[in-house]
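Commentary on secondary and tertiary structure
Given next are the chains, with one letter for each unit.
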Amino acid sequence: FGVAWAVDGSLYFEAPDSTEDTQIWTAAADGKGRRQITTGRLNGKPAPCGDGRHLVFLSYRAGTPHIWRSDPDGGNVRQLTDGEGEWNPACSPDGSWMTYSSPAPKSQGVWRMPVEGGTPERIWDRSGWSRISPDGQSVLVGGDAQTKVTIIPAGGGPPIRSFDRASGLGNAGAWHWSADGSALLYVKTAGGVSNIWQRPLDGGEPKQLTAFAAERITAFAVSRDGKRLALARGTTSSDVVLIRDLK
């Protein structure tokens, strides 16, 4: 469910290790040089910082999900948050600050804190996803249970603009800024098939960018030059099991 472009054009992504535990891996854009860079229990949601100095990510290595920081190659790991459970990190273009979310009742919302560590500041009162704009001035926030996605100032404050997901902004919890910050890119799934769409912020009509005829998209990322998309796609299968004579 996590894929991201590094500053050098390589990719970070989630995949299981030999024990089937989720880890963060890196590879060139053509798939060569695949290498696991995290160890321990359940690591994911890679979010490289725009200055190329750090990677922030989600990890259960301490038992409770928290946000951790490492070097781009996975070295020098440091825990950044220590609350009741933190999720969905994003790192700023200049690499100096990050956002994350907390669903815990006492700390619910989207928070901002320095990548070097420090006191977090709540910038949105609902838990969900956050995506920092390419210029670092705004944050896109939303969640699977929310009917809208909203652009807020990077330091918090009244919403700048909101978009109704029911009116065409997609039906999956994956969205990003375009590389130049002029549009939103999002996943829209119809008839079990997902594609990426783009909606200009100036009010223009949404445009379909991909033309897949099968499979669902679970995650995607836009390259920093805006010329390429990295996609996590596949199918999901499940069975109904009947259990008799439960006691």
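That block above? That's the structure.
Residues numbered from 1 in each chain as written. Predicted model: local features only at pLDDT ≥ 70, side-chain atom pairs only at ≥ 80, totals over all residues. Heavy atoms only, no water.

Let's talk about the overall build of the chain
- In terms of helices and strands, the chain carries zero helices and 22 strands.
- Over its C-alpha trace the chain gives a radius of gyration of 18 Å, about what one expects of a compact globule, namely 18 Å for 247 residues.
- Residue burial in the chain is summarised as follows: out of 247 residues, 47% are buried.
- Taking as baseline every contact in the chain between residues at least 6 positions apart, the subset at least 24 positions apart corresponds to 30%.
- Roughly 12600 Å² of accessible area belongs to the chain as shown, and the carbon and sulfur atoms make up 49% of that amount.
- Across the chain, the mean location of the 27 positive side-chain charges is 3 Å away from that of the 26 negative side-chain charges. (Helix = DSSP H or I, 4+ residues; strand = E, 2+ residues; numbered from the N terminus. Rg over C-alpha atoms; globule rule 2.2 N^0.38 Å. Buried < 20%, exposed > 50% of the residue type's maximum accessible area, 1.4 Å probe, protein only. Contact = heavy atoms within 4.5 Å. Areas by Shrake-Rupley, 256 points an atom, 1.4 Å probe, with all protein chains shown as cover. Lys, Arg positive; Asp, Glu negative; His and termini not counted. Charge placed at Lys NZ, Arg CZ, Asp CG, Glu CD.)

Description of the sheet that holds strand β6 (residues 55-59)
- Read across the open sheet, the four strands follow the order β5-β6-β7-β8; overall the sheet is antiparallel. Among the strands making up the open sheet, the edge pair consists of β5 (43-48) and β8 (78-79).
- The pairing of β5 with β6 spans four bridges and is antiparallel. Considered in β6, the bridge of Gly44 is made with Leu58. (Pairing = 2+ DSSP bridges.)

Here we look at the packing of aromatic side chains
- Per the stated rule, a full pass over the model turns up one aromatic pair.
- Aromatic side chains Tyr60 and Trp87 sit 5.9 Å apart centroid to centroid with 80 degrees between the ring planes, which places their arrangement in the edge-to-face category. Of the two residues, Tyr60 sits in the loop between β6 and β7 (66-70) while Trp87 sits in strand β9 (residues 87-91), which places them 27 residues apart along the sequence.
- With relative accessibility at 29%, the residue Trp87 sits in the partly exposed group.
- The lysine or arginine in question, Arg34, covers the ring of Trp25, its NZ or CZ lying 4.5 Å from the ring centre.
- Note that Lys188 overlies the ring of Trp197, its terminal NZ or CZ placed 4.8 Å from the centroid. (Phe/Tyr/Trp six-rings, centres within 6.5 Å; stacked < 30°, edge-to-face > 60°. Lys NZ or Arg CZ within 6 Å of the ring centre and 35° of its normal.)

Topic: the state of the cysteines
- Evaluated as defined, the whole model comprises one disulfide.
- Residue Cys49 pairs covalently with Cys91 via a disulfide, S to S 2.0 Å. For the disulfide bridge between Cys49 and Cys91, the dihedral angle about the S-S bond is near 90 degrees, and by the sign convention the bridge is right-handed. Residue Cys49 is located in the loop between β5 and β6, and its partner Cys91 is located in strand β9; the two are separated by 42 residues in the primary sequence.
- Looking at Cys49, the relative accessible area reads 1%, which means it is buried.
- The class of Cys91 is buried, set by a relative accessible area of 12%. (Disulfide = S-S within 2.5 Å.)

Concerning the sheet that holds strand β16 (residues 161-164)
- The antiparallel open sheet is built from four strands, whose spatial order is β13-β14-β15-β16. Looking along the sheet, the strands with just one partner apiece sit at the ends: β13 (129-132) and β16. With strand direction ignored, the average angle separating the axes of adjacent strands in the sheet is 20 degrees.
- Pairing of strand β14 (residues 138-142) with strand β15 (residues 148-153), which is carried by four bridges, proceeds in the antiparallel orientation. Note that in β15 the partner of Val139 across the bridge is Ile152. (Axes fitted to C-alpha atoms, helices over the stretch in contact; angles between N-to-C directions.)

Observations concerning the environment of Ala183
- Of note, Ala183 is situated in strand β18 (residues 183-190).
- Residues Ala183 and Gly156 lie 27 residues apart in sequence; the distance between their C-alpha atoms is 21 Å.
- In this structure Ala183 touches His176, Trp177, Ser178, Gln198, Arg199, Pro200 and Leu201, once residues within four positions along its chain are discounted.

A look at the pattern of salt bridges
- Evaluation of the coordinates by the stated rule reveals three salt bridges.
- The shortest N-O distance in the salt bridge between Arg69 and Glu116 comes to 3.3 Å. Within this pair, whereas Arg69 is found in strand β7, its partner Glu116 is found in the loop between β11 (109-114) and β12 (121-124), the two being separated by 47 residues in sequence.
- Glu116 gets classed as partly exposed once you look at its relative accessible area, which sits at 43%. (Salt bridge = Lys/Arg side-chain N within 4 Å of Asp/Glu carboxyl O.)

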